[in-house]
Amino acid sequence: MLVSMNMEKTEKVEIEEEKKPRFTWVEVGPNITETQKLAISQLPYKMTKRCKALMRQIICFSPEKTSLPLLLAAWVRIMKPRRADWLSVLKELERLDHPMLLEVAELALLEESFEANVRDYTKLINGYGKQNRLQDAENTLLAMKTRGLPCDQVILTALIHMYSKAGNLKLAEDTYEEMKLLGVPLDNRSYGAMVMAYVRAGMLDQGEFLLREMATQDIYARREVYKALLRAYSMIGDSEGAQSVFDAIQFAGIIPDVKLFGLLINAYLVAGESQKVYLAFESLRRAGFEPSDKCVSLILTAYEMENKLNKALDLLMELERDGIVVGKEASEVLVRWFRKLGVVEEVELVLREYASKQVNST
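Residues numbered from 1 in each chain as written. Predicted model: local features only at pLDDT ≥ 70, side-chain atom pairs only at ≥ 80, totals over all residues. Heavy atoms only, no water.

1. Considering the environment of glutamate 138
On the secondary structure map, glutamate 138 appears in helix H8 (residues 134–146). Glutamate 138 sits in the partly exposed class, given a relative accessible area of 27%. On a C-alpha basis, the gap between glutamate 138 and isoleucine 125 in space is 7.8 Å, while along the polypeptide they are 13 residues apart. The residues touching glutamate 138, leaving out its near neighbours within four places in the chain, are Tyr163 and Leu171. (Helix = DSSP H or I, 4+ residues; strand = E, 2+ residues; numbered from the N terminus. Buried < 20%, exposed > 50% of the residue type's maximum accessible area, 1.4 Å probe, protein only. Contact = heavy atoms within 4.5 Å.)

And the structure:
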């Protein structure tokens, strides 16, 4: 009786093994599309044969024929890849901007041969964050913690970026507080991520407060963080806030460029402070920069608001002497202004001159 039962169990196991899906590795044949042939031909020359074999399968992958987990399991079983091989494949998928990159990366974390570390999880969380896949990112973080890997400042900074872009300030703040509890001094990336979260949430004062906190520790954000805060102040016409950030930029040792000057000028224009528009424009010229079309259009708009046509014409002649061509935005301001004054001939002249300059510049 026992023998009979054991035989039944053995048969059952064998049947289950037979039912278990298994990928049969067959090399990619000639019957593939021209796009697939081109992609395969462009694989790196120095890539190992085992990596190229997997890349060919991924490039020609069809979900109707198999699944990615089965494909990777077969590759591991047959080719015996090392960590360097995994990284080579992931790098190539990233270069190709392949849609299966994150799925391959996620499955790689489960493989012993990949020898996953914290940075691998960080990259995957960053990838999910860019696609706004919050739940997948949080699941990856949970899986990392389950494996006993430490949650460090870099990965928490990535989470702040993700929550910030998703518009979830509360989770960004909670993650920031968790990062502070690690007891490790925060760097400019960590601070910068939280500043950007406040900028996106419209809490500009909080963002500026963090910048001041950083400055007391001789830590300064990257240019794009200051620029984002300056732009936010500029768009709402908060000239005081814009000037404060502009000063902080210089204090941080960052030399303002034409775009930063343009944001400051715009802040004064939106605030209706024409005199400060003129002063900021002059500061731009004294700094040795050639004013952009945007900057010229802003100061012309300021002159238009105060009906200072002669001042505007003096500026245009000065720019012409310096070899600066009036661009599209500035020309549109002049056309609008002249039409408002009913000066039709001048409008036609401006349009003809602008058209001829456009032809000559092409």
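2. A word on the pattern of salt bridges
For the coordinates displayed, the defined rule picks out 18 salt bridges. One salt bridge in this structure joins arginine 222 and glutamate 224, with 3.6 Å as the shortest N-O distance. Taken together, the salt bridges that share partners define one network made up of Arg285, Glu318 and Asp322. (Salt bridge = Lys/Arg side-chain N within 4 Å of Asp/Glu carboxyl O.)

3. Quick notes on the UniProt feature "repeat: PPR" (unreviewed entry) in the protein
Feature annotation in UniProt places "repeat: PPR" (unreviewed entry) on residues 117–151, 152–186, 187–221 and 257–291, given in this structure's numbering. In residues 187–221, the share of helix is 71% and the share of strand is 0%. The end C-alpha atoms are 9 Å apart. Helix makes up 74% of residues 257–291 and strand 0%, and the two end C-alpha atoms of the span are 10 Å apart. (UniProt positions renumbered as here; feature names shortened; annotations may be inferred.)

4. Overview of the packing of helix H15 (residues 258–270) against helix H16 (residues 274–286)
A pair of packed helices can be characterised by two numbers: the angle between their axes and the separation between those axes. The contact between H15 and H16 brings their axes to 8 Å, and the two run at 170°. By the angle between their axes, H15 is roughly antiparallel relative to H16. Together, Val258, Phe261, Leu264, Ile265, Tyr268 and Leu269 of H15 and Lys276, Val277, Ala280, Phe281, Ser283 and Leu284 of H16 make up the contact between the two elements. Grouping the amino acids of the contact of H15 with H16 by side-chain chemistry returns 10 nonpolar, 1 polar and 1 charged. (Axes fitted to C-alpha atoms, helices over the stretch in contact; angles between N-to-C directions. Parallel < 35°, antiparallel > 145°, perpendicular 65-115°, else oblique. Nonpolar A, V, L, I, M, F, W, Y, C, P; charged D, E, K, R; others polar.)

5. Quick word on the environment of isoleucine 78
With respect to the element layout, isoleucine 78 can be found in helix H4 (residues 68–79). Along the chain, isoleucine 78 and tryptophan 25 lie 53 residues apart, while their C-alpha atoms are 8.6 Å from each other.

6. What about the side chain of threonine 301?
Within the secondary structure, threonine 301 sits in helix H17 (residues 293–305). At 2.7 Å, the side chain of threonine 301 forms a polar contact with the backbone oxygen of serine 297. The contact partners of threonine 301, leaving out residues within four places of it in the chain, are Leu269, Val333 and Arg336. (Polar contact = N/O pair within 3.5 Å; in protein donor to acceptor, adjacent residues only side chain to side chain.)

7. A look at H4
Each turn of an α-helix holds 3.6 residues, which means side chains three or four residues apart point in the same direction. The first and last C-alpha atoms of H4 sit 16 Å apart over 12 residues, in line with the 16 Å expected at 1.5 Å per residue. Every buried residue of H4 is listed here: Leu68, Leu71, Leu72, Ala74, Trp75 and Val76. Summarising the contacts, the buried residues of H4 are in contact with helix H3 (49–59), helix H5 (83–95) and helix H6 (101–108). In the segment just after H4, lysine 80 is the residue with positive phi, at about 50°. (Expected span 1.5 Å × (residues − 1).)

8. Thoughts on the packing of helix H7 (residues 118–130) against H8
Between H7 and H8, the shortest axis-to-axis distance is 8 Å and the interhelical angle comes to 170°. Classified by the interaxial angle, the pair formed by H7 and H8 is roughly antiparallel. Between H7 and H8 lies a crossing of left-handed hand. Each of Val118, Tyr121, Leu124, Ile125 and Tyr128 in H7 lies in contact with H8, whose residues at this interface are Asp136, Ala137, Thr140, Leu141, Ala143 and Met144. Along the lines of polarity and charge, the residues of the contact of H7 with H8 split into 9 nonpolar, 1 polar and 1 charged. (Left-handed = near helix turned anticlockwise from the far one by under 90°.)

9. Some remarks on unusual backbone geometry
One non-glycine residue with positive phi stands out, namely asparagine 132, at about 60°. Of note, asparagine 132 is situated in the loop between H7 and H8. Judged by its relative accessible area of 47%, asparagine 132 is partly exposed. One non-glycine residue, aspartate 218, lies in positive phi territory at about 55°. On the secondary structure map, aspartate 218 appears in the loop between helix H12 (204–215) and helix H13 (223–235).

10. Observations concerning the side chain of serine 331
Mapped onto the fold, serine 331 is located in helix H19 (residues 328–341). One polar contact links the side chain of serine 331 to the main-chain carbonyl oxygen of glycine 327, over a distance of 2.8 Å.

11. Structural notes on the packing of aromatic side chains
Here the structure, examined in full by the defined rule, presents 6 aromatic pairs. Arranged with centres 6.2 Å apart and planes meeting at 70°, the rings of tyrosine 220 and phenylalanine 251 form a pair that is edge-to-face. In this pair, tyrosine 220 sits in the loop between H12 and H13 while phenylalanine 251 sits in helix H14 (residues 239–251), placing the two residues 31 residues apart along the sequence. What makes phenylalanine 251 exposed here is its relative accessible area of 61%. Among the aromatic residues, ring-to-ring pairing joins Trp75, Trp86 and Phe114 into one connected group. (Phe/Tyr/Trp six-rings, centres within 6.5 Å; stacked < 30°, edge-to-face > 60°.)

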